[in-house]
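If you want the building blocks of each chain, they are given just below.
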Amino acid sequence: MSDLGSDYDEEEQGPYLGEYEGERNEKEERHGKGKATLPNGDMYDGIYEHGKRHGQGLYKFKNGARYIGEYKYNKKHGQGTFIYPDGSKYEGNWVDDQRHGYGVYTYPNGDTYEGEWQSHLRHGQGVYTYKDTGTKYVGTWVSGKRDGAGELIHANHRYQGGWIADQPQGKGKYVFDIGCEQHGQYIPVEMPQGGEDDAEEAQTIVVPKWRAGEISAISQYNPAEDGNVGQDVDIELESGDTAEGLGEDEEMQQEGSGDAVPGEGGAEGQDGEAVPAAEGETEATAGEGEENQEGGEDAGDGGEEQTAASPTAEDAEEAD
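Residues numbered from 1 in each chain as written. Predicted model: local features only at pLDDT ≥ 70, side-chain atom pairs only at ≥ 80, totals over all residues. Heavy atoms only, no water.

So, about the overall build of the chain. For the chain, the count of helices and strands is two helices and 18 strands. Looking at the chain residue by residue over its 320 residues, the buried ones come to 48%. Surface summary for the chain: the accessible area is close to 14,900 Å², and the carbon and sulfur share equals 45%. (Helix = DSSP H or I, 4+ residues; strand = E, 2+ residues; numbered from the N terminus. Buried < 20%, exposed > 50% of the residue type's maximum accessible area, 1.4 Å probe, protein only. Areas by Shrake-Rupley, 256 points an atom, 1.4 Å probe, with all protein chains shown as cover.)

For Thr135, the location among the structural elements is in the loop between strand E10 (121-129) and strand E11 (136-142). Overall, the relative accessible area of 5% leaves Thr135 in the buried class. A sequence separation of 19 residues divides Thr135 from His154, and the C-alpha atoms of the two residues are 4.8 Å apart.

Time to look at the packing of aromatic side chains. Tallying each qualifying case throughout the model produces 29 aromatic pairs. Centre to centre, the rings of Tyr90 and Trp117 are 5.4 Å apart; their planes meet at 80°, and the pair counts as edge-to-face. One end of the pair, Tyr90, is in strand E7 (residues 89-95); the other, Trp117, is in strand E9 (residues 112-118), and 27 residues separate them in sequence. The same class applies to Tyr90 and to Trp117, which are both buried. A ring pair is formed by Tyr137 and Trp141, whose centres lie 5.3 Å apart and whose planes are at 90°; its orientation type is edge-to-face. (Phe/Tyr/Trp six-rings, centres within 6.5 Å; stacked < 30°, edge-to-face > 60°.)

So, about the nonpolar core. Of all hydrophobic cores here, the largest spans 29 residues; its most connected members are Phe82 and Tyr159. Where this core is concerned, the elements lending two or more residues are strand E3 (43-49), strand E5 (66-72), E7, E9, E11, strand E13 (157-164) and strand E16 (203-217). (Core = buried A, V, L, I, M, F, W, Y, C linked by side-chain atoms within 4.5 Å.)

Here we take up the pattern of salt bridges. Going through the model one piece at a time under the given rule, you end up with seven salt bridges. Of the charged contacts, one joins Glu91 and Lys89 as a salt bridge, the two residues approaching to 3.7 Å between their closest N and O atoms. When its relative accessible area of 29% is taken as the criterion, Lys89 is described as partly exposed. (Salt bridge = Lys/Arg side-chain N within 4 Å of Asp/Glu carboxyl O.)

Assignment of secondary structure puts Gln182 in strand E15 (residues 180-193). Judged by relative accessible area, Gln182 falls into the buried class, the value being 8%. Through-space distance from the C-alpha of Gln182 to that of Ile218 is 8.8 Å; in sequence the pair is 36 residues apart. At 3.2 Å, the side chain of Gln182 forms a polar contact with the side chain of Trp210. (Polar contact = N/O pair within 3.5 Å; in protein donor to acceptor, adjacent residues only side chain to side chain.)

A separate point is the environment of Val142. Of note, Val142 is situated in strand E11. Through-space distance from the C-alpha of Val142 to that of Arg122 is 6.9 Å; in sequence the pair is 20 residues apart. Residue contacts for Val142: discarding those within four places in its chain leaves Arg122, His123 and Asp147. (Contact = heavy atoms within 4.5 Å.)

One non-glycine residue, Ser143, lies in the positive phi region at around 50°. Mapped onto the fold, Ser143 is located in the loop between E11 and strand E12 (145-153). Judged by relative accessible area, Ser143 falls into the partly exposed class, the value being 42%.

Attention shifts here to the confidence of the model for the chain. Across the chain, the average pLDDT comes to 74, with 61% of residues at or above 70. In the predicted structure, residues 1-5 sits below a pLDDT of 50 and forms 75 contacts with residues beyond four places in sequence or in another chain. pLDDT under 50 marks residues 310-320. Its contacts with residues more than four places away, or in other chains, come to 41 contacts. (pLDDT = per-residue confidence, 0-100.)

Here you go:
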């Protein structure tokens, strides 16, 4: 999950800068508190410094999106809240017009992500919560995808292990509320897809398959044990193991890998979250999903802001 929405650059749009009411300096630049209606219909009410939005302000896009927060030389920078036309919302830190630092993103379907961001993408430690099921992923993110040690928490059990490129991989365990746990590992298995039609070339996809091991009493989880994710996956499948038979507990395997998280692609995001666009006085389009949610102001002149994509949207993108 793209965010559309570029803040209007009042310096590079020619002689007509729209209507302005407010303070100016000795050079007749917009300076201090002021209100502006920009040529594209967007509106800004806040602080200016030497003709640029700089300080606290409210920017309203004509497509319904709005940003309330801090600016630095015409770019969103500092703490701010961006509300997208589809109702999704980001509250947190911005750097150079991008979600960067700590923030909370609420998706149109009610899912939420709370944690660290980098360049509009989920990156670092964070918690993704699925509204419909209450399932949570708590762990490490890299460029919008689950990657590293993580924990997928369901209502009555949880999976603890390593992730690579948004998929569980390597050693891990399922912990059940009844007081036991099952150790095992996720192994990437190639599966044929398509190719039923003679004219259609068969393709191969890689899916994680759970290979169940021993069941024991619950032991303490140590994320450090999952630090070398993927190194223990170099295992030859036994002759009796097929793609369907690898996991002794098929239902468990599906629970561990079936919860896909949205991509940050909104520009937040290929994986789901989109990237904000520049505040623009050009009309911004809003799209739902990972990439079209922010509406209008970011990115620089006429740039597009992208929204973060929800897991549902991300799954669709991944499927494509």
